[in-house]
Amino acid sequence: MLQFLDERLEEENCRGFVETIKEDTNLTQPQIVPQDLIAAALEDGQYDARMRVMAYHVAKLLGVDEDDMNRYEDGIVQTFVQSEVELSEEEKKEKADTEKKRKVKRYLMIGAAAVGGGALIGLTGGLAAPLIATAGAALFGTSLSFLGTAAGLAIIGSVFGAAGAGLTGYKMKKRIGELEEFEFETLTEGRDLHVAVVVSGWLTKERLNNFQVPWLALASSKEVYTLRWESKYLLELGDSLEYILDTVMTVAAKEALKYTVLAGLLAAFTLPATAYASLTAIDNPWSLVTNRASEAGKQLAEVLLQRQQGKRPVTLIGFSMGARVIFFCLKELASRKGSEGIVQDAILLGTPCSSGVSHWEPFARVVSGRVINGYCR
């Protein structure tokens with residue numbers, strides 16, 4: 001396996017590795033292989049998106065169900081979350097005990113290098129650590145028991161990033177262009193080794209919470225954040241779109257009724273001057289939001305490069321102008337060094353950007369999994 005990890009993460013390497021594994025008659029639980037790949041990635045204190053894609057791909061080739069992989073990741077998360085709660089309670093009991101404080105320092109030194117002050121595990125009592133290690137070994141098995149130790153939990157803490165902060169605690173320190181609003185809201189209450197960031201493309205007066213409503217049924221991750229950006233201008237764009245739909249479609253229908261069926265169909269495509277005039281209503285909002293979306297995309301790239309989401313894979317999903325935000329985020333990442341392994345998948349729906357292959361090809365370097373461009377012909 002170590003030789004495999006040293007090779008380039010390519011399709012042929014994965015298939016060759018899997019074929020070698022399948023020849024081993026002693027392998028009765030194939031799920032151990034992709035799970036070991038995840039454990040190997042986490043031991044470095046970061047969960048590289050390329051490693052996650054590879055682990056899930058190897059699991060698929062071995063016939064391991066994706067739900068089994070998700071449950072394995074959930075087990076790691078739950079062990080870490082449980083350790084935070086238990087150790088926080090222990091910390092309160094140790095404040096007046098000097099001897100126990102020395103034990104706290106010892107465990108702090110173990111985790112400090114990986115945590116850097118980010119995870120609560122490094123700041124809490126050491127007495128519960130042996131119990132956590134035992135529970136972790138029972139959960140993960142002997143080959144992965146390291147993740148159940150105090151040092152292992154500290155490393156997982158570094159994967160999650162700074163405790164209590166992360167994306168929701170992010171504030172723009174440096175404004176990009178004329179961007180006025182850019183912040184993250186929590187859409188779900190869970191925690192995951194994989195994060196999803198969703199971006200809406202317009203707002204309407206009837207549904208001002210359109211930053212959240214379209215994504216309530218999303219099952220991409222247990223930890224989903226929605227980007228709230230330029231709501232004032234997205235509302236103006238939404239109003240303009242509604243006006244266009246109401247006005248143009250009404251005029252077209254009236255014109256069609258003046259003629260025979262065939263002539264009416266032709267007339268519906270040849271709109272009167274009054275209908276074309278109404279199209280100018282969208283010019284200003286569209287142009288303004290188009291520019292702001294490209295600026296928001298660059299800002300999103302900065303957030304991801306700063307690892308505000310922690311050192312774990314991110315899936316980006318957006319529609320309309322939200323997809324444009326993601327497009328320019330990927331464009332910015334593709335122009336920067338050290339941006340690989342951050343984004344796992346990118347799903348863009350109805351993107352108001354060029355469809356030229358040359359504009360999309362650079363994204364392959366910074367997106368470890370799939371880039372999906374959804375549109376209507």
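Preceding this section is the structure that the text describes.
Predicted, not measured: the structure shown is a model, and the values here were computed from it.

Draft legend 1. Looking closely at the sheet that holds strand β4 (residues 314-319). Pairing is mixed in the open sheet, where 6 strands are placed in the order β1-β3-β2-β4-β5-β6. Each end of this open sheet is capped by a strand with a single partner; those strands are β1 (182-186) and β6 (371-374). The sheet shows a mean angle of 20° between the axes of neighbouring strands, taken without regard to direction. In this sheet, β4 lies alongside strand β2 (residues 195-199) in parallel orientation, the contact comprising 5 bridges. Its bridge partner being in β4, A196 is matched across the sheet by T315. Here helix α13 (residues 321-334) sits on the sheet and contacts β2, β3 (224-229), β4 and β5 (343-349); the angle it forms with β4, its principal contact strand, is near 140°.

Draft legend 2. View of helix α3 (residues 32-42). α3 sits mainly inside the fold: 9 of its 11 residues count as buried. Taken together, the buried positions of α3 are occupied by V33, P34, Q35, D36, L37, I38, A39, A41 and L42.

Draft legend 3. Region of interest: the packing of α3 against helix α4 (residues 49-61). In the contact formed by α3 and α4, the axes pass within 8 Å of each other and the chain directions differ by 170°. With respect to α4, the axis of α3 lies roughly antiparallel. Residues V33, P34, L37, I38 and A41 of α3 touch α4, and the partners they reach there are M51, M54, A55, V58 and A59.

Draft legend 4. Geometry of the packing of aromatic side chains. Evaluation of the coordinates by the stated rule reveals 7 aromatic pairs. With centroids separated by 5.2 Å and ring planes inclined at 70°, the aromatic side chains of F327 and W360 adopt a geometry described as edge-to-face. Of the two residues, F327 sits in helix α13 while W360 sits in helix α14 (residues 357-360), which places them 33 residues apart along the sequence. Plain terms: the ring middles of W360 and F363 are 5.7 Å apart, the flat faces sit at 65° to each other, and that makes the pair edge-to-face. Here W360 matches F363 in class, with each residue buried. Clustering of aromatic rings is evident, with ring pairs tying together F327, F328, W360 and F363.

Draft legend 5. Main features of the side chain of E181. Its location among the elements puts E181 in the loop between α8 (150-160) and β1. Although buried, E181 forms no salt bridge, and the nearest oppositely charged side chain, R228, lies 4.3 Å from it. Polar contacts involving the side chain of E181 include one to the side chain of S231, which spans 2.7 Å. Non-local contacts of E181, meaning those with residues more than four positions away in its chain, are made with R228, W229, E230, S231 and K232.

Draft legend 6. Quick look at the nonpolar core. Grouped together as the largest cluster of nonpolar side chains are 43 residues, with contacts concentrated most on F182, F184, W229, L304, L316 and L330. Here this core gets 10 residues from one element, more than from any other, and that element is α13. Setting aside residues up to four positions removed in sequence, L304 forms contacts with Q309, V314, L316, C329, L333, I342 and V343. I21, M54, V58 and M69 belong to the second-largest nonpolar core, a separate cluster that totals 28 residues.

Draft legend 7. Quick peek at α4. With 13 residues, α4 should cover 18 Å at 1.5 Å per step; its first-to-last C-alpha distance of 18 Å lies within 8% of that length. Residues of α4 that are buried include every one of A49, M51, R52, M54, A55, Y56, V58, A59 and L61, and no others. Measuring from the backbone nitrogen of R50 back to the side-chain oxygen at the start of α4 gives 2.7 Å, which picks out D48 as the cap. Following α4 by one or two positions, G63 adopts a phi angle in the positive range, close to 80°.

Draft legend 8. Spotlight on the pairing of β4. Taken across its 6 residues, β4 has 6 buried, putting it largely inside the fold. Of the two faces of β4, the one lined by V314, L316 and G318 and the one lined by T315, I317 and F319 are each fully buried. Pairing of β4 with β5 involves 6 bridges; the strand directions are parallel. What sits directly across from G318, in β5, is L348.

Draft legend 9. Representation of the pattern of salt bridges. Inspection of the entire model under this criterion finds 12 salt bridges. Its salt-bridge partner being D74, residue K222 comes within 2.9 Å of it at the nearest N-O pair. One end of the pair, K222, is in the loop between β2 and β3; the other, D74, is in helix α5 (residues 66-93), with 148 residues separating them in the sequence. The class of K222 is partly exposed, set by a relative accessible area of 45%. By relative accessible area, which is 18% here, D74 ends up buried. Among the salt bridges present, the one from R336 reaches E332, with a minimum N-O distance of 2.8 Å. Here R336 falls in the partly exposed class, since its relative accessible area comes to 26%.

Reading the values: rules and limits
- Residues numbered from 1 in each chain as written.
- Predicted model: local features only at pLDDT ≥ 70, side-chain atom pairs only at ≥ 80, totals over all residues.
- Heavy atoms only, no water.
- Pairing = 2+ DSSP bridges.
- Helix = DSSP H or I, 4+ residues; strand = E, 2+ residues; numbered from the N terminus.
- Axes fitted to C-alpha atoms, helices over the stretch in contact; angles between N-to-C directions.
- Contact = heavy atoms within 4.5 Å.
- Buried < 20%, exposed > 50% of the residue type's maximum accessible area, 1.4 Å probe, protein only.
- Parallel < 35°, antiparallel > 145°, perpendicular 65-115°, else oblique.
- Phe/Tyr/Trp six-rings, centres within 6.5 Å; stacked < 30°, edge-to-face > 60°.
- Lys, Arg positive; Asp, Glu negative; His and termini not counted.
- Salt bridge = Lys/Arg side-chain N within 4 Å of Asp/Glu carboxyl O.
- Polar contact = N/O pair within 3.5 Å; in protein donor to acceptor, adjacent residues only side chain to side chain.
- Core = buried A, V, L, I, M, F, W, Y, C linked by side-chain atoms within 4.5 Å.
- Expected span 1.5 Å × (residues − 1).

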